[in-house]
Number of protein chains: 2
Amino acid sequence: MTVRAELLKNIRNVEPYVPGEQPQKRVVKLNTNENPYPPAPGVKEALANLDAADFRLYPDPASGVLTRALAENYGVGEDQIFVGVGSDEVLALCFLTFFNSGKPVLFPDITYSFYKVWAALYGIPYECPELDRNFRLVKEDYYRENGGIIFPNPNAPTAVYEELDFVEDILHHNRDTIVIVDEAYVDFAGRSAAELIDRYDNLIVTQTFSKSRSMAGMRIGFAMASPGLIECLNHVKYSFNSYTMSRAAQVCGAAAVKDREYFESNVRKIVTTRERVKGELEKLGFLLTDSRANFLFARHPEYDAGRLFEELKEENVYVRHWDDEKIGQYLRITVGTDEEMNVLLDCLKRRLQS
Amino acid sequence: MTVRAELLKNIRNVEPYVPGEQPQKRVVKLNTNENPYPPAPGVKEALANLDAADFRLYPDPASGVLTRALAENYGVGEDQIFVGVGSDEVLALCFLTFFNSGKPVLFPDITYSFYKVWAALYGIPYECPELDRNFRLVKEDYYRENGGIIFPNPNAPTAVYEELDFVEDILHHNRDTIVIVDEAYVDFAGRSAAELIDRYDNLIVTQTFSKSRSMAGMRIGFAMASPGLIECLNHVKYSFNSYTMSRAAQVCGAAAVKDREYFESNVRKIVTTRERVKGELEKLGFLLTDSRANFLFARHPEYDAGRLFEELKEENVYVRHWDDEKIGQYLRITVGTDEEMNVLLDCLKRRLQS
């Protein structure tokens, strides 16, 4: 479909995007880091209790019911929580709000691909220090002058987690710029930097309901930070869009947060499967990072990753692969159910031994 | 709550926003143009049929089920529809995508307040031609060189509707820039410019589910345009945020669209109430525009609007008032149920006759 040249000169030019594969046939879908288990039973109940008649009213712009549930769960104040339509909305808004100094923002060269996109969108300069050869962040690279710092912990797609003292070193060396720790996968890893928000007024921690809370379909993410930073986020958000979180997302999200026991058991199952599959893959000759996420990042020294990716797809097993100089020999494999992982392992065994 | 000066220099500075009043007590709420009637019965059914277990999966990024329902309802192609989280998200994305020439975008001086905000957000220059003394757009003001045009039809908060030949004149004089007609209230007015999208490849029509479809709480808006422009919107959207429409919003929205009969009867009821209340207000000495929206825009030559606004609030009747040089003597009154409007009329009668 074409647009006339005269009109085109008015239009933003972006790389045409090809949406991720959403196969229609029955497949083993290990390509988007979704949770293989349903959300907490309370979500079903909250959904059943929703009254469609209430949809005629605008939702609470402050998402009070969800904010309160999160504040209680994490033992922080309601004024230390900001919620949004997935952590993507929260993170984009953080870029817009906090990376305004004109100095380059720092994030790793191998990391979540949207950081570059949001920086470009808002005209924010950035620099990308390289990970070391073990895919570890080099913290000293983040001690130079900057307009802000962001990194995922665990990082994506490497799955590597840095302990809190590492995060704290970066915070300590950057007291006057904002440091965002994107903890989309932290529940599968270890301690969250959220426990540092009272000590570091330059820290923002973001998390998502899409992974450990099995709620990718409802689009819920949130940030935790000092009340001052949360207030800045609210000012910017309300200045151009008052209502984003639907009534359904707010009450279902709150229900998911309230069931800690289910949450913990869900995470535990995935971690157990992850560790088992990691061992099995190593037996097959794969080299893996010490994954602390709900996915594995693996390469085989004797098999081309692009070819393995295609071969798995032929057998209806979908994993993730990038045509990329630095990580093109890796596969990112979401941790599914044990049954799904066994299908994957069987496929790989057949391919690698044929 | 304060943020240290050293951090503040990194942070975007915006006008602190005071969220709209969400009174906790029982009030007659005529201040945010919500629909007084519930959504179509099918929405309740769609909600009941949602399986919470599916929430673990990301939603369809193309919102296929909703896009198809809209395309069928409006008799256009699926490639002529773009959906988003309320028309606010759709409109903000249109600003970002289509107002890129560097030339000033044109919109009326009295209009939806977010146009200025989005222009400022994306660094888009703009000029605001004045409405005439009857709050009508002066179409010749939009024949000069520009980087795009946007206006609501009916306009807000004036409620004045321009016929399609007026809209077409503006389109005809601006073949090489994008013209956005924001039709949030058009279902209460008359013909939609959607019938022109096949003839004008520079036209974008936006609408919302928040008013005529009683779905403000689910956050659904959409654009209709030529396939080329829709593709541009998709490219920009997917380049920085793939998933925004929750699964719940997609299926409930589709259900709302499918019930034309309910939709038409809902709109008819509101229009009937609007016309009755308009007559009653005129009997009380109010001067009103020829409202074609689900709200009235009224002033009384002998009573200060700000005072009336406060007096109504004292009686738990909430309408909208702006401290503004040009429209500060007007009240914007949402059309509620007949019962709600009778409470309003009784209050006004008592105030005006005391």
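Reading guide: rules and limits
Throughout this document, residue positions are counted from 1 along each chain, in the order its sequence is written. Each chain takes a letter, starting from A, and each ligand takes a number, starting from 1, following the order in which they are written. Note on the predicted model: pLDDT of at least 70 is required for a residue's local features to be given, and 80 or more for side-chain atom pairs to be given and counted; whole-chain, interface and lining totals, by contrast, use all residues. No hydrogens and no water enter the side-chain calculation; it runs on all heavy atoms of the structure. UniProt positions are given in the numbering used here, feature names are shortened, and annotations may be inferred rather than shown by experiment. By definition, two strands form a pair when at least two bridges between them are found by DSSP. Each helix is a run of DSSP H or I of at least 4 residues and each strand a run of E of at least 2, with the numbering of both proceeding from the N terminus. Contacts are residue-level and defined by heavy atoms, with any inter-residue pair within 4.5 Å sufficient. Helix axes are fitted only over the stretch in contact, all axes being lines through C-alpha atoms; the angle between N-to-C directions runs from 0 to 180 degrees. Polar contact is defined as a pair of N or O atoms within 3.5 Å, subject to the rule that within protein one atom must be able to donate a hydrogen and the other to accept it, and that residues adjacent in sequence are counted only when both atoms are side-chain atoms. Throughout, disulfides are identified as pairs of cysteine sulfur atoms within 2.5 Å of each other. Under the scheme applied here, a residue whose accessible area is under 20% of the maximum for its type counts as buried, over 50% as exposed, and between as partly exposed, the area being computed with a 1.4 Å probe on protein chains only. We place the copies in one frame by least squares, fitting the C-alpha atoms of every residue whose pLDDT is at least 70 in both.

With an unreviewed UniProt entry as reference, chain A is termed Histidinol-phosphate aminotransferase, source organism Ruminococcus turbiniformis. Entered under Sequence similarities (unreviewed entry) in the UniProt record, the comment concerning chain A runs "Belongs to the class-II pyridoxal-phosphate-dependent aminotransferase family. Histidinol-phosphate aminotransferase subfamily."

Engineer: Is there a simple way to think about the sheet that holds strand E9 (residues 287-288) of chain B in this case?
Structural biologist: Within a sheet, neighbouring strands are paired by backbone hydrogen bonds and run either parallel or antiparallel to one another. Residues and elements named next belong to chain B. Spatially, E9-E10-E12 is the arrangement adopted by the 3 strands of the open sheet, whose pairing is antiparallel. The open sheet is flanked by E9 and strand E12 (331-334), the only strands paired with a single partner. Sheet analysis places strand E10 (residues 295-299) next to E12, joined by 4 bridges and oriented antiparallel. By the bridge assignment, alanine 298 is partnered in E12 with leucine 331. Running at roughly 10° to E10, helix H9 (residues 260-283) makes contact with E9, E10 and E12 of the sheet.

Engineer: Quick question: what am I supposed to make of the side chain of glutamine 207 of chain B here?
Structural biologist: Residue and element names in this part refer to chain B. Tracing the backbone shows glutamine 207 in strand E7 (residues 203-208). A polar side-chain atom of glutamine 207 sits 3.0 Å from a polar atom in the side chain of glutamate 183. Other than its neighbours up to four places away in sequence, glutamine 207 contacts Tyr74, Ser87, Glu183, Val186, Asp187, Ser192, Gly221, Phe222 and Met224.

Engineer: Hey, could you run me through the state of the cysteines in this one?
Structural biologist: What makes a disulfide is a covalent bond joining the sulfur atoms belonging to two cysteines. On inspection of all chains with the given rule, the structure shows 0 disulfides over all chains. Left unpaired, cysteine 94 of chain B is separated from the closest cysteine sulfur, that of cysteine 232 of chain B, by 11 Å.

Engineer: Hey, could you run me through the UniProt feature "modified residue: N6-(pyridoxal phosphate)lysine" (unreviewed entry) in chain A in this one?
Structural biologist: Sites flagged by UniProt as "modified residue: N6-(pyridoxal phosphate)lysine" (unreviewed entry) map to Lys211 of chain A. Within the secondary structure layout, lysine 211 of chain A lies in the loop between strand E7 (203-208) and strand E8 (221-225). Residue lysine 211 of chain A is classed as buried on the basis of its relative accessible area of 6%. Setting aside residues no more than four positions away along its own chain, lysine 211 of chain A makes contact with Thr32, Asn33, Asn35, Ala184, Tyr185, Phe188 and Asn294 of chain A together with Tyr58 of chain B.

Engineer: Would you mind going over the relation of the copies chain B and chain A with me for this structure?
Structural biologist: The pair of chain copies shares a relation made of a rotation about an axis and a shift along it. Expressed as a screw transformation, the operator carrying chain B onto chain A has a rotation angle of 180° and an axial translation of 0.0 Å, and the superposed copies differ by an RMSD of 0.0 Å. The superposition operator between the copies reduces to a two-fold rotation axis. Scanning chain B for the C-alpha nearest the rotation axis identifies alanine 48 of chain B, at a separation of 3.3 Å. When you check the interface residues of chain B against chain A, 100% turn up at the interface there too, and the contact is symmetric in its surfaces.

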